[in-house]
Amino acid sequence: MKYDLEFDIISKASPAPGFAVLRLRRADRLPLPPVAPGQFVEVEVPDSRHTFLRRPISVNFVEPDGMTLWLLVRDAGEGTHHLCNLEVGRQIRLMLPLGNGFGVESRRRTLLVGGGVGVAPLLYLARLMDEAGNRPDVLLGARSAELLLQIPEFNKYATVLTATDDGSAGHHGVVTTHPAMTSGEYDLVCCCGPAPMMKAVAAVARARGIECMVSLENMMACGLGACLCCVENTVKGHVCVCTEGPVFNINQLNWQ
Amino acid sequence: MTPDLSVRLGSLELQNPVLTASGTFGYGEEFADFVDLDSLGGFIVKGTTLAPREGNPYPRMAETPSGMLNAVGLQNKGVDYFIENIYPRLKERRSEVIVNVSGACVEDYAEVCHRLAALDKIHAVEVNISCPNVKHGGMAFGTTTAGASEVVTAVRKAWPRHLMVKLSPNVTDITEIARAAEGAGADSLSLINTMLGMAIDVERRRPMLSTITGGLSGPAVKPVAVRMVWQTSKAVKIPVVGLGGIRTGADALEFIMAGATAVQIGTANFLDPAATMNVIREMHDYCVRHGIADINSLRGII
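(A) Fine view of the nonpolar core. If you look at the biggest cluster of nonpolar residues, it comprises 139 residues, and the most contacted ones within it are Val113(A), Phe82(B), Leu116(B) and Leu189(B). For this core, the element with the highest residue contribution is helix H9 (residues 275-290) of chain B, accounting for seven residues. When residues of this core are assigned to domains, at least three map to each of domain 1 (3-98) and domain 2 (110-215) of chain A. Setting aside chain neighbours within four positions, we find Leu189(B) in contact with Met164(B), Val165(B), Leu167(B), Ala178(B), Ala181(B), Thr232(B), Val236(B), Ile238(B), Pro239(B), Val240(B) and Val241(B). Core analysis: the second largest hydrophobic core is formed by 54 residues, Leu69(A), Ile92(A), Tyr124(A) and Leu140(A) among them.

The structure is reproduced here in structure tokens:
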């Protein structure tokens, strides 16, 4: 079941310049519907003069109270700029939960790999894996140390590894050159980030024979599988990222 | 007072004038969590072709001021898939289900309609001679009177029930095309399909769409659509179905006052999955507020 609900922004933080975390609670104060890690919401953008469509945003985190949901938003255009600048107390409308999500692995050795705002769905996934008794490793990549997002939060649920392009924190280089990627012993890699990064991570995982799931963020309008705008070319032909994804096994994608 | 919102569209009796526009509402069930599908006037399912189509490459969508461009290119699984897999679910619906039909050549349109004719719960087809996003067929038929007439004549022979023809706004005089479709046997006309448009990402110096051009929809096109509905409804005797940027009950009433018998909600479904329900409620509330007993009394008053 999907819902279209009003939420209150109950607090707001900026984990790095150009990013905001909005903490949201239903305006009617009822519990959230069940949300799987990797699922997303479609957010209405209030007060935006030139944007028109909702914005698809990954669920960053669901607090253990089952009432409070976080969205990690990158200020990347007019729509997300407005979202980042909304004040605490404002109401916004969210359609949720959308898409399929990552499975929560309770057994297999799992590396979560996030780049930029792509770390968003991995935090909630890490919490649920940790609670399932399978604390994951998480490899976070960014251009530089100040753009590594939500390290304190990830530390609660995962063993955190980092890579920065300029070497200002952790491994000096991109995530695919980090020892965890090149020689770490894992059964599964779950990745979300910019498309070039995900393709590079997928290539390493494939070469090493590690199963790999990626979360795509193709541009979309409806989020419900109706507009057919967000399609990805897969082994099954064009499929909607919003309903068949956003999480795909790389074997389903024509990425070779 | 409970105002009467029912309208008659040729042989179709609609419980209210609100239909969903093809390609914006899937097969209805995608919206079932938000919309009481049985309370719609009807829904028009997405463009169906003879053979399955993968559509155009990604990216197929670009947001523009008060609207969006799309270049989906009629992705669908083909008419036989529809008949075998979709129709059995749709035929239980109380609302009218109208199938939007497209083709690369005249014979394709006729063959799709011929196969659909066996489905007795499909009381109408909407023939799309106005898709701007396919290389062959589509809008090519809808921009000349000869092309429109040729397709509608062929479909008329293959299709025994209500025949709606969806017109393109990308023409000099839409009333000429409208009259050609009417003369070839159309029972109603729906307008407007999307307007041909284009957007460029200046940072990357590339077109926003893989196809460079695409179809513009949303509130940005509404005034053009209202104007064309007004002109067309005065030029033909068959009923006109208005669409283009309708989001609210007031928007829908503009089209009705301009001469439309029914309306279609399209892009608004992407903004608000319950847009159709809001439009119906707001039209109802308008009639109550203005003491309108029958919505038909508002049609074509301008």
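That covers the picture; the talk isn't over yet.
(B) Fine view of the sheet that holds strand E9 (residues 159-164) of chain A. All names here are of chain A. Reading across the sheet, the seven strands line up as E10-E9-E8-E7-E11-E12-E15 and stay open at both edges, with mixed pairing between neighbours. Looking at the sheet topology across the chains shown, the edges are occupied by strand E10 (171-172) and strand E15 (247-249). Packed onto the sheet, helix H5 (residues 195-208) meets strand E7 (110-115), strand E11 (188-192) and strand E12 (211-215) and runs at close to 170° relative to E11.

(C) Quick look at the domain arrangement of chain A. Residue and element names in this part refer to chain A. For chain A, the domain assignment lists domain 1 (3-98) and domain 2 (110-215). Each of domain 1 and domain 2 has a C-alpha centre, and the two are 23 Å apart. Counting residues at the interface gives 20 residues for domain 1 and 15 residues for domain 2. A buried area of about 1500 Å², summed over both sides, lies between domain 1 and domain 2, and 71% of it is on carbon and sulfur atoms. When the area that domain 1 buries against domain 2 is broken down by residue, the three leading residues are Pro37, Phe61 and Leu72, summing to 33%. Our count for the domain 1 to domain 2 interface comes out at zero salt bridges. Taken together, the links from domain 1 to domain 2 amount to five residue pairs in polar contact (both at pLDDT 80 or more). Taken together, the elements giving at least two residues each to the side of domain 1 that touches domain 2 come down to strand E2 (19-26), strand E4 (55-62) and strand E5 (68-74).

(D) Quick peek at the side chain of Lys46(B). Looking at where Lys46(B) falls in the secondary structure, it is placed in strand E4 (residues 42-48). Although Lys46(B) is buried, it forms no salt bridge, and the closest oppositely charged side chain is Glu30(B) at an N-O distance of 5.0 Å. Every residue in contact with Lys46(B), bar those within four places of it in the chain, is listed here: Leu228(A), Ser22(B), Gly23(B), Gly26(B), Tyr27(B) and Asn100(B).

(E) Looking closely at the sheet that holds strand E5 (residues 61-64) of chain B. Residue and element names in this part refer to chain B. One open sheet holds the four strands; their spatial order is E5-E6-E14-E11, and the pairing between them is antiparallel. Two strands lie at the open edges of the sheet, namely E5 and strand E11 (195-198), each paired on one side alone. This sheet shows a mean twist of 40° between the axes of neighbouring strands, independent of strand direction. Where strand E6 (residues 67-70) meets strand E14 (residues 213-217), three bridges bridge the pair, whose relative direction is antiparallel.

So, how was this worked out
- Residues numbered from 1 in each chain as written.
- Chains lettered and ligands numbered in written order.
- Predicted model: local features only at pLDDT ≥ 70, side-chain atom pairs only at ≥ 80, totals over all residues.
- Heavy atoms only, no water.
- Core = buried A, V, L, I, M, F, W, Y, C linked by side-chain atoms within 4.5 Å.
- Buried < 20%, exposed > 50% of the residue type's maximum accessible area, 1.4 Å probe, protein only.
- Helix = DSSP H or I, 4+ residues; strand = E, 2+ residues; numbered from the N terminus.
- Domains from an automatic or database assignment.
- Contact = heavy atoms within 4.5 Å.
- Pairing = 2+ DSSP bridges.
- Axes fitted to C-alpha atoms, helices over the stretch in contact; angles between N-to-C directions.
- Buried area = accessible area lost by both parts, 1.4 Å probe.
- Salt bridge = Lys/Arg side-chain N within 4 Å of Asp/Glu carboxyl O.
- Polar contact = N/O pair within 3.5 Å; in protein donor to acceptor, adjacent residues only side chain to side chain.
- Lys, Arg positive; Asp, Glu negative; His and termini not counted.

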